[in-house]
Amino acid sequence: MNASAPKDILRLYLQNARDALLWKLDGLSEYDIRRPLTPTGTNLLGLVKHVASVELGYLGDTFGRPSGEALPWVAEGTEANADMWATPEESREQIVGLYRRAWAHADATLDALALDTVGRVPWWPAGRDEVTLLHAVVRVTGDTHRHAGHADILRELIDGAVGMNQANTSVPPGDAAYWAGHRERLERAAVAAGKKHEG
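Reference entry: report on the structure contained in this document.

Each value, and the rule that gives it
In this convention, every chain numbers its residues from 1, walking through the sequence in written order. Local features in this predicted model are restricted to residues of pLDDT 70 or higher, and side-chain atom pairs are both shown and tallied only at a pLDDT of 80 or more, whereas totals for entire chains, interfaces and linings draw on every residue. Computation of side-chain values: all heavy atoms of the structure, hydrogens and water removed. Comment: elements are numbered from the N terminus, with helices defined as DSSP H or I runs of at least four residues and strands as E runs of at least two. Any two residues whose heavy atoms approach within 4.5 Å at even a single point are treated as in contact. Only buried residues count toward a nonpolar core. Its members are Ala, Val, Leu, Ile, Met, Phe, Trp, Tyr and Cys residues joined through side-chain atoms within 4.5 Å. Buried residues are those whose accessible area, probed at 1.4 Å on protein chains only, stays under 20% of the maximum for their type, while exposed residues exceed 50% and partly exposed ones sit between those limits. Polar contact criterion, stated in full: a pair of N or O atoms within 3.5 Å, where within protein one must be able to donate a hydrogen and the other to accept it, and residues adjacent in sequence count only if both atoms are side-chain atoms. Residues enter patches when their relative accessible area tops 30% and they take part in no salt bridge; the joining distance is 9 Å for like charges and 5 Å for the nonpolar side chains Val, Leu, Ile, Met, Phe, Trp and Tyr. To measure how exposed things are, a 1.4 Å probe is used in the Shrake-Rupley method; for residues, cover is taken only from the protein chains shown. By convention in these notes, a salt bridge is any Lys or Arg side-chain nitrogen within 4 Å of a carboxyl oxygen on Asp or Glu. How far a helix is expected to stretch is found by multiplying one less than its residue total by 1.5 Å. To get an axis, fit a line to the C-alpha atoms, keeping to the stretch in contact for a helix; angles then go from 0 to 180 degrees between the N-to-C directions. Convention used here: angles under 35 degrees read as roughly parallel, angles over 145 as roughly antiparallel, angles from 65 to 115 as roughly perpendicular, and any remaining angle as oblique. Rotating anticlockwise by less than a right angle from the far helix to the near helix defines a left-handed crossing, while the corresponding clockwise rotation defines a right-handed one. Residue polarity follows a fixed list, in which Ala, Val, Leu, Ile, Met, Phe, Trp, Tyr, Cys and Pro are nonpolar, Asp, Glu, Lys and Arg are charged, and the others, Gly among them, are polar.

**With respect to the side chain of Q15**
- Counting through the fold element by element, Q15 comes out in helix 1 (residues 6–23).
- The residues contacting Q15, other than those within four sequence positions of it, are W103 and D107.

**Things to note about the nonpolar core**
- Of all hydrophobic cores here, the largest spans 27 residues; its most connected members are L21, L22, L25, L44, V48 and Y99.
- Put simply, the parts of the chain that give this core at least two residues each are helix 1, helix 3 (44–58), helix 4 (92–112) and helix 5 (133–159).
- It is helix 3 that provides the largest number of residues to this core, a total of 7 residues.
- When neighbours within four sequence positions are excluded, L21 is seen to be in contact with L47, V48, V51, Y99, H147, A148 and A151.
- One finds L14, Y58, L110 and V140 within the second-largest nonpolar core, a separate group that totals 16 residues.

**Description of the environment of T132**
- As for its placement among the helices and strands, T132 is situated in strand 2 (residues 130–132).
- Put simply, T132 and T117 are 15 residues apart on the chain and 5.3 Å apart in space, counted from C-alpha to C-alpha.
- Excluding its chain neighbours within four sequence positions, the residues that come into contact with T132 are F63, L115, D116, T117 and V118.
- A distance of 3.1 Å separates the side chain of T132 from the backbone nitrogen of H135, its partner in a polar contact.

**Some remarks on a nonpolar patch on the surface**
- A grouping of I9, L12 and Y13 is seen on the molecular surface, where their side chains present a nonpolar patch of about 260 Å² in accessible area.
- Examined against the element boundaries, L12 turns out to sit in helix 1.
- Residue class for L12 comes out partly exposed when judged on its relative accessible area of 35%.

**Structural notes on helix 3**
- Its 15 residues give helix 3 an end-to-end C-alpha distance of 21 Å, which sits within 8% of 21 Å, the value for a rise of 1.5 Å per residue.
- Summarising burial for helix 3: 15 of the 15 residues are buried, a large majority.
- Between the side-chain oxygen of the N-cap and the backbone nitrogen of G46 there are 2.7 Å, and the N-cap of helix 3 in question is N43.

**Let's talk about the packing of helix 3 against helix 4**
- Running from N to C, helix 3 and helix 4 cross one another at 30°; their axes reach a closest spacing of 9 Å. Relative to helix 4, the element helix 3 lies roughly parallel. Helix 3 and helix 4 meet at a crossing whose hand is left-handed. Between helix 3, through L45, V48, K49, V51, A52, E55 and L56, and helix 4, the contact on the second element is made entirely by R92, I95, L98, Y99, A102, W103, H105 and A106.
- Here the residues of the contact of helix 3 with helix 4 are counted per class, giving 11 nonpolar, 1 polar and 3 charged.

**Remarks on the pattern of salt bridges**
- Taken as a whole and judged by the stated rule, the model has 13 salt bridges.
- In this structure, E30 engages R34 in a salt bridge whose closest nitrogen and oxygen atoms are separated by 3.1 Å. Note that E30 and R34 are positioned in helix 2 (residues 30–34) at a spacing of 4 residues, about one turn of the helix.
- For E30, a relative accessible area of 35% corresponds to the partly exposed category.
- A salt bridge links R92 to E30; its shortest N-O distance comes to 3.2 Å. Here E30 lies in helix 2 and R92 lies in helix 4, a separation of 62 residues in the sequence.
- Given the relative accessible area of 17%, R92 is considered buried.
- Among the charged side chains, a network of salt bridges with common partners joins R11, R18, E55, D107 and D111.

Put into structure tokens, the structure is as follows:
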């Protein structure tokens, strides 16, 4: 990798987000990777399914490079948010495998085309659907990092695991007692601020 080459820099940050997102599935049961943990149903395996679809769309179809992957959950007439959760028939292996194939397809697009190549996003309004490859890669990278952050919070709610990867938690060391005390201190500060600033 050339640390100053734009494509290598883009690929590095996109791959870091991909790896972080998949790491959040490690060691969890089928139930835990699928369980909805927010009022809108956000779940770990659904996030992976979603970002696989995003990569295949923005870094494939948009540039006239269809992957050939069947994505029935994004077809016209399917229910809203069908790409954000896994059915009982869809296995972890299928969805993770799809995501890895999406990486390969997206990386091939990045290798094949110049960053100023213009594509058309099929689901954007006509006349406002043009995008450069650079724009598309940055958009996908931002989206993937956003969802990796969602996954980090979901995983913490499940079993307390946090961080970008096993070697980099990005969190200061502390045992359960330390974090319980820290959380309680933050709760007290939030209550005090609410009283002071809201009434």
